[in-house]
Amino acid sequence: MKSLRILLSLTLVALLFTQCEKDEITEPELKRGPLPDVVPAKMYTVTVENVSTAYKYFEAGAVAIPEGESEAGPAFPGHSFKFSFHAGPSHMLSFATMYGLSNDGFYAPAGDGIALFDNGTPVTGDITSEIMLWDAGTQMNQMPGPGNPHNGADTDDPVQLMSDVGDGYDYGMVDTNLKVMLDYDGDHMFTVTIDVLDGATTAISPVAWVVHTMPNPIFEAGTQDWDKGLEDLAETGNPGRLAHYLAWNSGYVSPVAPVLWAVHEKDEMPIFTNNTPDRGEGLELLAETGNPGDLASSLIGMGYNAGAYAIPDGGVDPGPLFPGDKYTFTIDAKPGQYLSIASMLGNSNDIFFAFGDSGIKLAFGNDVEDITGKVMLFDAGTEVNEYPGTKSMDTDEGGDVRPLNDGYTYPAVDQIIKVTIHKNKN
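This is a predicted model, so every value here is computed, not measured.

Participant: Explain the overall build of the protein chain to me, please; I cannot follow it from the model alone.
Facilitator: Looking only at helices and strands, one finds seven helices and 25 strands in the protein chain. Taking the contacts inside the protein chain whose residues are at least 6 apart along the sequence as the reference set, 73% of them involve residues at least 24 apart.

Structural data, given as structure tokens:
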């Protein structure tokens, strides 16, 4: 994931930050244009916070209508369920479907899930061998088959492989009951087809599925059911509660990279010019890896009062902002000057936050001002975008820096980042 690239680049950021602290406005040769008469040190305080939700999983859902049917219900022998999802190289797939003619049996991969990429290449083909029959441990087993009364006594046993339960019943073999195929449709889209084979010993229920990086999203072998909906699925075939829990906890999560800042005059555009190519001064590195080092050095070399900040509040080492983290830093400037910032949307190809190419005018008041509404997402135009959160390749784009509009859906800016500023009292 792109966030890993950010972490790898932060040593350079730390070195840059040290240099920027050294090269403050007190050295006149680094100030672009005429110097103000008096500029109190550290006049403005800026806070950048990652306010995004810390979702556990990436994408989730359920499929309840068998292929070729018009109503929800089980898939009987000769029928199938099919579902599609997005995923990137770090993602795994987990799903669960009831062994219909049992008390609380269900088919699922192991808790870690199914790897969807192999060294960057999408996994495709028959994945039946990765599917196992599990016992949810919530109801006493009875003879599987059409005569199963589904009224076994409640139990509090751990989730375990059905083969380890030792109830003496014959559930058939996974590969004689099911065939599970994984196809890659392009643009990080996969499709899973679960066929119930002719001659299978059972139908299967509608399917709950989830794409994840953390292990054990649905269950953990050797522990009791978590009461998140697996019991409903395993005992009644209803995936609703489990799918709702997984979907509620799924979504796009991104770190926010270290912040580049520059103080300038009204008509200056220090970082980029909208709808023109990147200038080759370091924005590409910032937008693709999260490292503002080259761009800050370039701006300082051109005489701008500029720098970068990379240490989350309460920390001692540089690093990106994860949900709940914030940067708080001060800048030397006076009211009427302009401030520009840039910070990579970490889980992206080359997308960054900025006020725009001309920045924002610094105010006179001392009150804390929420300026998040002035922040936009921009596309650096240097690398082709992919489905948000699924980064897997670096394809040069050769486009213009522009407001983000690539056809994909991203959270609103104020659902990811919050930026405030206030003028310190003299």
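Participant: Looking at this structure, I do not really get unusual backbone geometry. What am I missing?
Facilitator: Even without being glycine, histidine 150 reaches a positive phi, approximately 55°. Along the polypeptide, histidine 150 turns up in the loop between β10 (131-135) and β11 (160-161). If you check the backbone angles, aspartate 227 has positive phi at about 60° while not being a glycine. The topology assignment puts aspartate 227 in the loop between β14 (207-212) and α4 (230-236).

Participant: Before we go on, may I ask you to explain helix α7 (residues 293-301) in this structure?
Facilitator: An α-helix turns once every 3.6 residues. As a result, residues three or four positions apart point the same way. Where α7 is concerned, the buried positions are Gly293, Leu295, Ala296, Leu299 and Ile300. All buried residues of α7 fall inside an arc of 170° around its axis, so they share one side. The positive-phi residue at the C-terminal boundary of α7 is glycine 303, with phi of around 95°.

Participant: Sorry, what's going on with the packing of aromatic side chains here?
Facilitator: Each aromatic ring pair is described using two quantities: the centre-to-centre distance and the angle formed by the ring planes. All chains considered together, the criterion is met by 19 aromatic pairs. Judged by centre distance (5.5 Å) and plane angle (5°), the rings of phenylalanine 83 and tryptophan 209 are stacked. With phenylalanine 83 in strand β3 (residues 80-86) and tryptophan 209 in strand β14, this pair connects stretches of sequence that are 126 residues apart. You'll find phenylalanine 83 and tryptophan 209 in the same group, each marked buried. Arranged with centres 5.8 Å apart and planes meeting at 45°, the rings of tyrosine 99 and tyrosine 107 form a pair that is tilted.

Participant: What am I meant to see in the sheet that holds strand β12 (residues 178-186) here?
Facilitator: Sheet strands associate in pairs through backbone hydrogen bonding, adopting either a parallel or an antiparallel arrangement. Strand order in the open sheet formed by four strands is β3-β13-β12-β9, with antiparallel pairing between adjacent strands. Sheet topology places β3 and β9 (125-126) at the edges, where each strand pairs with a single neighbour. Where β3 and strand β13 (residues 189-196) come together, seven bridges link them in antiparallel fashion. What sits directly across from phenylalanine 83, in β13, is valine 192.

Participant: Please explain the pattern of salt bridges as it appears in this structure.
Facilitator: If charged atoms from side chains of opposite charge come close, those side chains can pair. One pass over the full model with this rule turns up six salt bridges. Here glutamate 369 ties to lysine 374 by a salt bridge, and the two come within 3.7 Å at their closest N and O atoms. Looking at lysine 374, the relative accessible area reads 39%, which means it is partly exposed. Taken together, the shared-partner salt bridges connect Asp379, Glu397 and Arg402 into one network.

Participant: It is not clear to me how the confidence of the model for the protein chain should be interpreted in this structure. Could you clarify?
Facilitator: In low-pLDDT regions, the fine details of the predicted coordinates are not to be read closely. With 90% of its residues at a pLDDT of 70 or more, the protein chain shows a mean pLDDT of 91. In the predicted structure, residues 1-41 sits below a pLDDT of 50 and forms 79 contacts with residues beyond four places in sequence or in another chain.

Participant: Got a minute to help me understand the environment of serine 52 in this structure?
Facilitator: Here serine 52 is to be found in the loop between β1 (44-50) and β2 (59-63). C-alpha separation for the pair serine 52 and lysine 418, spaced 366 residues apart in sequence, amounts to 9.4 Å. Residue contacts for serine 52: discarding those within four places in its chain leaves Ser254, Pro323, Gln415 and Ile416.

Participant: Sorry if this is basic, but what is going on with the sheet that holds strand β18 (residues 326-331) here?
Facilitator: Reading across the sheet, the four strands line up as β18-β1-β25-β22 and stay open at both edges, with antiparallel pairing between neighbours. The sheet is open, and its two borders are formed by β18 and β22 (369-370), each paired with just one other strand. Inspection of the sheet shows β22 paired to strand β25 (residues 417-423) by two bridges, in the antiparallel sense. Bridged to aspartate 370 within β25 is threonine 420.

Participant: Help me out: how do you make sense of the pairing of strand β17 (residues 305-309) in this one?
Facilitator: The side chains of a regular strand alternate between the sheet's two faces. Here β17 lies mainly inside the structure; five of its five residues are buried. Of the two faces of β17, the one lined by Asn305, Gly307 and Tyr309 and the one lined by Ala306 and Ala308 are each fully buried. Pairing analysis gives five bridges linking strand β15 (residues 259-264) to β17, with the strands arranged antiparallel. Residue valine 263 lies in a different strand from β17, and its bridge partner there is asparagine 305.

Participant: I tried to follow helix α5 (residues 240-248) on my own but got confused; where do I start?
Facilitator: Among the residues of α5, Leu242, Ala243, Tyr245 and Leu246 are the ones counted as buried. Along the axis of α5, the buried residues cluster in a sector spanning 160°; they form a single face. Those residues of α5 that are exposed and aimed more than 90 degrees away from the buried face are His244 and Trp248. As for α5, its buried residues are in contact with β2, β14 and α4.

Definitions and cut-offs
- Residues numbered from 1 in each chain as written.
- Predicted model: local features only at pLDDT ≥ 70, side-chain atom pairs only at ≥ 80, totals over all residues.
- Heavy atoms only, no water.
- Helix = DSSP H or I, 4+ residues; strand = E, 2+ residues; numbered from the N terminus.
- Contact = heavy atoms within 4.5 Å.
- Buried < 20%, exposed > 50% of the residue type's maximum accessible area, 1.4 Å probe, protein only.
- Arc of directions from axis to C-beta.
- Phe/Tyr/Trp six-rings, centres within 6.5 Å; stacked < 30°, edge-to-face > 60°.
- Pairing = 2+ DSSP bridges.
- Salt bridge = Lys/Arg side-chain N within 4 Å of Asp/Glu carboxyl O.
- pLDDT = per-residue confidence, 0-100.

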